[in-house]
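Spelled out from the first residue to the last, the chains are:
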Amino acid sequence: MPRIQPVYLLVMPDALLLDIAAPAEALRMANLQQDTVRFVLHYVGTRASVDTSIGLRLSPLTVLPDGVPEDAWVVVTGTVEKPLPIAAAHDDAAASAALAGSVDSGDEAESLAVAWLRRTVRPTHRLACICTGALLAARAGLLDGRMCTTHHGSCDALRALAPGARVADNRLYVQDGNVWSSAGVTTGLDLMLTLIAEVTSPLCAAAIARQMVVYSRRAGADPQLSPWLEGRNHLHPALHRMQDAIAADPARDWTLAAMAEIASTSERQVTRLFREHSGTAPIDYLHRLRIALVREMLGNSQLDLERIAERAGFASARHMRRVWHKFETVPPSHARRPVNH
């Protein structure tokens with residue numbers, strides 16, 4: 001049976017719809033890509049129904065629950081100041097019933113959400129702030145002493161609300177302990193792909209990224225980058241095409257000519273693109289992914305080193321060991337998991 005991972009998305013009035021839809025869609029796809037973890041989504045808010053940035057009404061929402069499970073993810077989504085005007089008034093009976101007893105004041109809704117976050121979020125939870133959702137978390141005191149980020153247009157506001165926080169500019173997203181925060185709009189998807197990679201596998205996240213026709217990216221200064229995501233924090237489409245192809249089949253007999261064909265460029269340009277945009281040589285990028293494959297097979301199988309080396313694309317176990325020591329400080333045997341008898 002898969003492990004259940006509850007995810008609570010806090011949806012405010014005038015919510016930026018992409019902040020909700022993109023991460024939620026990634027989680028839906030994660031449920032289809034693997035059967036180890038099942039993500040169960042809960043949409044909560046200060047009222048049972050809200051209008052979003054594009055005038056679309058979301059309903060029904062669970063009005064701020066008394067609590068959430070100890071292992072839950074709490075995702076705080078962003079809002080906009082100028083939502084799209086609604087063409088027709090919502091005057092039908094169902095809409096009126098959904099809004100019955102709702103909070104009319106935006107300030108009152110924020111106060112209720114802040115109080116709920118303050119009493120609900122605990123160290124056992126993962127808190128993910130998308131775009132200006134970080135401002136609500138800041139008002140709740142959840143970013144004090146943390147490194148965090150938000151939309152570039154709201155960084156100064158975040159500093160004012162959380163003077164004890166370390167606000168990072170020009171970052172896709174930031175992790176500090178159990179608190180994650182992302183910049184504007186589409187970066188919520190980048191954040192969610194990395195969370196999915198951590199609890200399922202990087203390959204699962206990469207498959208979702210390909211399905212959604214986006215690139216797996218990660219903030220350049222983050223520690224302990226996954227080899228599957230490292231070097232992807234750029235916007236060059238030809239290099240992403242090469243990296244996607246290599247990640248999909250690292251064991252293939254990759255040559256500069258094969259990479260150049262995918263990028264529709266010259267072999268010399270391939271080397272320049274890798275160095276300029278990913279900070280590494282093509283062979284080193286390939287070797288990192290092959291060593292990542294080796295690590296996975298060492299930890300999840302009892303294959304001998306020769307078989308593992310062959311499956312990862314190395315000519316021999318000796319060749320694999322030589323490359324291994326370029327990137328790892330301990331021998332391959334340390335990656336073996338003990339066998340339970």
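Described below are features of the structure shown in this document.

Analysis parameters
- All residue numbers refer to positions counted from 1 along the written sequence of the respective chain.
- Totals for whole chains, interfaces and linings use all residues, but because this is a predicted model, local features are given only for residues with pLDDT of at least 70 and pairs of side-chain atoms are given and counted only at 80 or more.
- With hydrogens and water excluded, all non-hydrogen atoms of the structure serve as input to the side-chain values.
- Think of a 1 Å grid over just the protein atoms. A cavity is a set of points where a 1.4 Å probe fits yet cannot get out, a pocket is an open set with protein on both sides within 12 Å along at least five of seven lines, and lining residues have an atom within 4 Å of a point.
- Grid points are joined across faces, edges and corners, and a volume is the space filled by probe spheres set on the points.
- Only DSSP runs of H or I with at least four residues qualify as helices, and only runs of E with at least two residues qualify as strands; both kinds are numbered from the N terminus onward.
- Residue polarity is assigned by list, with Asp, Glu, Lys and Arg as charged and Ala, Val, Leu, Ile, Met, Phe, Trp, Tyr, Cys and Pro as nonpolar; anything else, Gly included, falls into the polar class.
- A strand pair is defined by DSSP finding two or more bridges across the two strands.
- Contact criterion: two residues are considered in contact whenever any of their non-hydrogen atoms come within 4.5 Å of each other.
- Axis definition: a line fitted to C-alpha atoms, over the contacting stretch in the case of helices. Angles run 0 to 180 degrees between N-to-C directions.
- Whether a residue is buried, partly exposed or exposed follows from its accessible area with a 1.4 Å probe, protein chains only, as a fraction of its type maximum: under 20%, in between, or over 50%, in that order.

In this structure, the second largest pocket spans a volume of roughly 490 Å³. Around the second largest pocket, the lining is made up of 22 residues, and of these Thr79, Val80, Glu81, Glu110 and Thr132 lie nearest the centre. Taken together, the elements giving at least two residues each to the lining of the second largest pocket come down to α3 (106-120) and α4 (133-139). Of the residues belonging to the lining of the second largest pocket, the class tally is nine nonpolar, eight polar and five charged.

Another aspect to go through is the sheet that holds strand β2 (residues 37-45). The seven strands lie next to each other as β5-β2-β1-β6-β7-β11-β10, forming an open sheet whose pairing is mixed. Edge positions in the open sheet fall to β5 (62-63) and β10 (173-176), since each of these has one partner strand only. As paired elements, strand β1 (residues 3-10) and strand β6 (residues 73-76) share four bridges and run parallel to each other. Each bridged residue has a counterpart across the sheet, and for Val7 the counterpart in β6 is Trp73. Lying over the sheet, helix α1 (residues 17-33) contacts β1, β2 and β6, oriented at roughly 155 degrees with respect to β2.

Let us now look at the pairing of β6. The alternating pattern of β6 places Trp73 and Val75 on one face and Val74 and Val76 on the opposite face, and all of these are buried. Pairing of β6 with strand β7 (residues 126-129), which is carried by four bridges, proceeds in the parallel orientation. Paired with Val75 across the bridge in β7 is Ala128.

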